[in-house]
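The residues making up each chain are set out below.
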Amino acid sequence: MRFRHPDGSIVHLSYCTNVHPAETLDGVRAHLRDHCEPVRRRLGRDRLGIGLWLAREAARVLINDPAELRALRAELDSRGLEVVTLNGFPYEGFGADEVKYRVYRPDWTEPERLAHTTDLARLLAALLPDDVTEGTISTLPLAWRTPYATDPGAARTARAALTTLAQRLDALAELTGKSIRIGLEPEPGCTVETTADAIAPLTDVGHERIGICVDTCHLATSFEDPDTALDALTAAGIPVVKSQLSAALHAEHPHLPEVRTALAAFAEPRFLHQTRTRTAAGLRGTDDLDEAVAGGALPDSTPWRAHFHVPLHVPPAPPLTSTLPVLRATLARLVGGPVPLTRHLEVETYTWQALPAELRPRTRTQLADGIAAELTLARDLLVDLGLKELP
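About the cut-offs
- Residues numbered from 1 in each chain as written.
- Predicted model: local features only at pLDDT ≥ 70, side-chain atom pairs only at ≥ 80, totals over all residues.
- Heavy atoms only, no water.
- Helix = DSSP H or I, 4+ residues; strand = E, 2+ residues; numbered from the N terminus.
- Rg over C-alpha atoms; globule rule 2.2 N^0.38 Å.
- Areas by Shrake-Rupley, 256 points an atom, 1.4 Å probe, with all protein chains shown as cover.
- Lys, Arg positive; Asp, Glu negative; His and termini not counted.
- Charge placed at Lys NZ, Arg CZ, Asp CG, Glu CD.
- Phe/Tyr/Trp six-rings, centres within 6.5 Å; stacked < 30°, edge-to-face > 60°.
- Axes fitted to C-alpha atoms, helices over the stretch in contact; angles between N-to-C directions.
- Parallel < 35°, antiparallel > 145°, perpendicular 65-115°, else oblique.
- Left-handed = near helix turned anticlockwise from the far one by under 90°.
- Contact = heavy atoms within 4.5 Å.
- Nonpolar A, V, L, I, M, F, W, Y, C, P; charged D, E, K, R; others polar.
- Buried < 20%, exposed > 50% of the residue type's maximum accessible area, 1.4 Å probe, protein only.
- Salt bridge = Lys/Arg side-chain N within 4 Å of Asp/Glu carboxyl O.
- Polar contact = N/O pair within 3.5 Å; in protein donor to acceptor, adjacent residues only side chain to side chain.

Enquirer: Describe the overall build of the protein chain, and please don't skip the residues or the numbers.
Expert: The helix and strand inventory of the protein chain stands at 13 helices and 15 strands. Against the 2.2 N^0.38 benchmark of 21 Å for 391 residues, the protein chain shows a C-alpha radius of gyration of 20 Å, consistent with a compact globule. With the model as given, the accessible surface of the protein chain reaches about 15100 Å², and the carbon-plus-sulfur share is 52%. Charge separation in the protein chain, taken as the distance between the mean sites of 41 positive and 52 negative side-chain charges, equals 4 Å.

Enquirer: Describe the environment of proline 21, and please don't skip the residues or the numbers.
Expert: Positionally, proline 21 belongs in the loop between β2 (10-16) and α1 (25-43). Put simply, proline 21 and alanine 55 are 34 residues apart on the chain and 8.3 Å apart in space, counted from C-alpha to C-alpha.

Enquirer: Which residues make up the packing of aromatic side chains, and what are the values?
Expert: In total, this model carries eight aromatic pairs according to the counting rule given. Taken together through their ring pairs, the aromatic side chains of Trp53, Phe94, Phe271 and Tyr350 make up a single cluster.

Enquirer: Before we move on, could you go through the packing of helix α12 (residues 324-335) against helix α13 (residues 364-384) and cite the residues and values that matter?
Expert: It is at 10 Å that the axes of α12 and α13 come closest, and there the two elements cross at 45 degrees. On the basis of the axis angle, α12 is oblique to α13. The hand of the α12/α13 crossing is right-handed. Every residue of α13 that contacts α12 at Leu324, Leu327, Arg328, Leu331 and Val335 is listed here: Leu377, Leu381 and Leu382. By residue class, the composition of the contact of α12 with α13 is seven nonpolar, no polar and one charged.

Enquirer: Explain the side chain of arginine 270 to me, using residue names and the numbers behind them.
Expert: With respect to the secondary-structure elements, arginine 270 resides in the loop between α10 (257-264) and β10 (275-279). The side chain of arginine 270 sits in the buried core without any salt bridge; glutamate 268 is the nearest counter-charge, 6.2 Å away. At 3.1 Å, the side chain of arginine 270 and the backbone oxygen of phenylalanine 94 are in polar contact. Not counting residues up to four positions away in its chain, the partners in contact with arginine 270 are Pro21, Phe94, Gly95, Ala96, Asp97, Glu98, Val99, Lys100 and Gln353.

Enquirer: Tell me what's going on with the pattern of salt bridges, and back it up with residues and numbers.
Expert: Scanning the entire structure with this criterion turns up 30 salt bridges. Between arginine 343 and aspartate 7 there is a salt bridge; the shortest N-O distance is 3.9 Å. Linking arginine 343 in the loop between α12 and β14 (344-347) with aspartate 7 in the loop between β1 (2-4) and β2, this pair joins segments that are 336 residues apart in sequence. Using a relative accessible area of 32% as the deciding quantity, one classes arginine 343 as partly exposed. Two residues, arginine 276 and glutamate 193, come together in a salt bridge whose shortest N-O distance is 3.0 Å. Here glutamate 193 lies in the loop between β6 (179-184) and α7 (195-205) and arginine 276 lies in strand β10, a separation of 83 residues in the sequence.

Right, dumping it as structure tokens:
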């Protein structure tokens, strides 16, 4: 979906296909047919943006076989789908029964991460619509905090990898005329947990093609104020490459038994749901939600937030809520001003099938309806901010 900003530029809205995880190219194509095109039809649009997730295996097939890449581009066109952004955070195995800590490997100290991200940049340059010259890719925020924090050479290795990537992106732009940018995506528990944590390493790299991806669920989970965060990034000259529009789980009164019970329903075995609370001494947290609800790990006199991407258009039932207000405030800053701070927005609710059983979509139709409703909410927010939806 495309929108014209009041400054005349085009802002793209898509939804991320990591909600339909596929390891193979055949699986990706099946999801385009079974999920992405039906969402587009529900929205009544001739064209829908998708933030494509390509696992390592699928990406390698496309890199090694130009005919397969041309065929994928043709299929996207025929189904009314366009790609301006990729999710390069998960490497493989995102559809596994247990993802948890595995999603952070390989990290930016390992050569596989650089190789995969380079491949994704080459693929995106080929998949961009003919009238689009800029693409973006989100990636993990360097590494999970351990063992990175105890390795004296880790920061140097990661910085060298990102510098090499920037050089390759420059060469790709020279060769293709397509500018691909990479955004580190701060996430609780990682080396770069907050937007503030991103400033030093990105300043060290010091390249316009390497910036930040602001995920509004992660921002909220870490209790970051959107205005403070974006002001600091702007002052440091760190570009907001893209933003993922998502909402976290919020518990205002975690000391109450009924709140603990409600939270426990969201503790599940597939994904990591880092949980945070803000205290006078600073941010406190656990790596997963079950650790928090078990008691004793976190103070419970202040609100808790958990890294669980809840559907944007349906708030959790009381006594829980979502951090949709943080998304609204962040979006207003990102695209509500005289000039947009980013032009690539991506709805990223990948946890539909991890919701409590009674909330999960039971059919493809229900899932498509839910994703379409999320995109409709995002569209309405953009229109309210003065952007004009384009055909």
